[in-house]
Amino acid sequence: MRKILKELLDGKINIDTCEKLLKANNILELDEIAKFDNNREIRTGFPEAILAQGKEYDDLLTIIKEYFNKKNKNDKISVSDDENVFNISSNSVIITRLSKEKYDRLKEDLSYLTNDFNFEYNIKAKILKISINSNSYSKNMISEDILEDNENLEGTENKDNINNFNENTKKIGIITAGTSDIPVGEEARIVIEEGGCKAINSYDVGVAGIHRLFPQIAKMVKEGVCSIIVCAGMEGALPSVVAGLVDIPVIGVPTSVGYGIGGKGKAALYSMLQSCAPGLAVVNIDNGFGAGVFALTIAKNLK
């Protein structure tokens, strides 16, 4: 968009051409199988992600290839797999709900990109981030950084995360009731950190041992988190408990942990929706991504 507007100011294009180019820049047509919302981040504060779940592998591969090919076609540096030339920019893409099996295939089929791009895969969250390798871009150095697991689940940000946090960075809390809820919490964490905020995590502090919860809540309040995401399955009671203890927004995420009557997250969802604790918002079952984006929206609208 900036390049198009500069060409208009420089007199290289007229106003009609500028309008057409801006409209064309809004959507990336990806081989007639997908329309990528190129300017979603400008409008909403978070870029469009690619949902892998439900897509045929060949379609997913085509979307990713076409994304880099079309989005970066005007950049000066390029990489090639003999058939496709991909140019490099500072843009990255996030693929959600990506199975390990599909990730392994993508890693092989996109291997020619690893000299210039980092492939960061969180096996618990099932999220892949493909981003520019700054060393390769600036120094033409080869570096591959593939993260197949999050080794520090109880910590704050991932130690390899490139975000530069400082004292002005907004903080968001993430709590899970049990260990089985961690994948949903991790999905939210990655979204939060990709959006420029710092995640303060505390996992496995559910109501079955509620004494574990209070020190973690105190820690998050002391850290000054602006909202707390709470992931819980089974009866889904934890978000209501947390919402009754703090004066900041709480985002409940029911998880599909559970069985029998009300299993697969339904009981947890109904419980959260029926909560009598004020200040609790609820997203859909297992929707860590949506919870993360919602928390970012709250954070980015604070002064």
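This is a predicted model, so every value here is computed, not measured. (Residues numbered from 1 in each chain as written. Predicted model: local features only at pLDDT ≥ 70, side-chain atom pairs only at ≥ 80, totals over all residues. Heavy atoms only, no water.)

### Observations regarding the pattern of salt bridges
Now for step 1: For the structure on display, the rule yields eight salt bridges.
Now for step 2: The closest approach of N and O atoms between E187 and R97, which form a salt bridge, is 3.1 Å. Of this pair, E187 sits in helix α7 (residues 182–194) while R97 sits in the loop between β6 (93–96) and α5 (100–109), and the two are 90 residues apart along the sequence.
Now for step 3: Each of E186, R189 and E193 takes part in salt bridges that share partners, so that together they form one network. (Salt bridge = Lys/Arg side-chain N within 4 Å of Asp/Glu carboxyl O. Helix = DSSP H or I, 4+ residues; strand = E, 2+ residues; numbered from the N terminus.)

### A few points about the packing of aromatic side chains
Now for step 1: Inspection of every chain in the model, using the stated rule, returns one aromatic pair.
Now for step 2: Both rings, one in Y103 and one in Y121, keep their centres 4.1 Å apart while their planes meet at 5°; by these two values the pair is stacked. Highlighted residues: Y103 in helix α5 and Y121 in strand β7 (residues 117–122), separated in sequence by 18 residues. Each member of the pair Y103 and Y121 is classed as buried.
Now for step 3: A cation over an aromatic ring shows up here: R105 above the ring of Y57, its NZ or CZ 3.8 Å from the ring centre. (Phe/Tyr/Trp six-rings, centres within 6.5 Å; stacked < 30°, edge-to-face > 60°. Buried < 20%, exposed > 50% of the residue type's maximum accessible area, 1.4 Å probe, protein only. Lys NZ or Arg CZ within 6 Å of the ring centre and 35° of its normal.)

### Points about a nonpolar patch on the surface
Now for step 1: Together, V207, I210, F214 and L245 make up an exposed nonpolar region whose accessible area comes to about 310 Å².
Now for step 2: The residue I210 is located in the loop between β10 (198–202) and α8 (213–223) in this model.
Now for step 3: The partly exposed category is assigned to I210, whose relative accessible area is 32%. (Patch = residues over 30% accessible without salt bridge, like charges linked within 9 Å, V, L, I, M, F, W, Y side chains within 5 Å. Areas by Shrake-Rupley, 256 points an atom, 1.4 Å probe, with all protein chains shown as cover.)

### What to know about the pairing of β7
Now for step 1: Most of β7 sits inside the fold, with six of its six residues counted as buried.
Now for step 2: Along β7, one buried face is formed by F117, F119 and Y121 and the opposite face, lined by N118, E120 and N122, is buried too.
Now for step 3: Of the strand pairs in this sheet, β7 and strand β8 (residues 127–132) are connected by six bridges, and their pairing is antiparallel. Its bridge partner being in β8, E120 is matched across the sheet by K129.
Now for step 4: Linking β7 back to β8 in an antiparallel pair, the connection comprises four residues, with K126 at a positive phi of about 60°. (Pairing = 2+ DSSP bridges.)

### Points about the confidence of the model for the protein
Now for step 1: Predicted confidence across the protein gives a mean pLDDT of 79, with 73% of residues reaching 70 or more.
Now for step 2: In this model, residues 82–90 is a region of pLDDT below 50 whose contacts with residues beyond four sequence positions or in other chains number 33 contacts. (pLDDT = per-residue confidence, 0-100. Contact = heavy atoms within 4.5 Å.)

### What about the sheet that holds strand β11 (residues 228–232)?
Now for step 1: Spatially, β10-β9-β11-β12-β13 is the arrangement adopted by the five strands of the open sheet, whose pairing is parallel. The open sheet has two free edges, formed respectively by β10 and β13 (280–282), since each of these has just one partner strand. Averaged over all neighbouring strand pairs, the angle between strand axes comes to 25°, with direction disregarded.
Now for step 2: Summarising the sheet, strand β12 (residues 250–254) and β13 pair through three bridges and their orientation is parallel. Counted as the bridge partner of V250 is L280 from β13.
Now for step 3: On top of the sheet, helix α10 (residues 266–273) reaches β11, β12 and β13; it is set at about 155° to β12, its chief contact. (Axes fitted to C-alpha atoms, helices over the stretch in contact; angles between N-to-C directions.)

### Some words on the pairing of strand β9 (residues 171–176)
Now for step 1: Here β9 lies mainly inside the structure; six of its six residues are buried.
Now for step 2: In this sheet, β10 lies alongside β9 in parallel orientation, the contact comprising five bridges. The partner of I175 across the bridge, within β10, is S202.
Now for step 3: Crossover connection from β9 via α7 to parallel β10: handedness right-handed. (Right-handed = clockwise from strand over helix to strand, strands pointing away.)

### Focus: unusual backbone geometry
Now for step 1: One non-glycine residue, M234, adopts positive backbone phi at about 50°.
Now for step 2: Tracing the backbone shows M234 in the loop between β11 and α9 (238–243).
Now for step 3: A positive phi angle, close to 65°, is found at D286, a residue other than glycine.
Now for step 4: Take D286: it is sitting in the loop between β13 and α11 (288–300).

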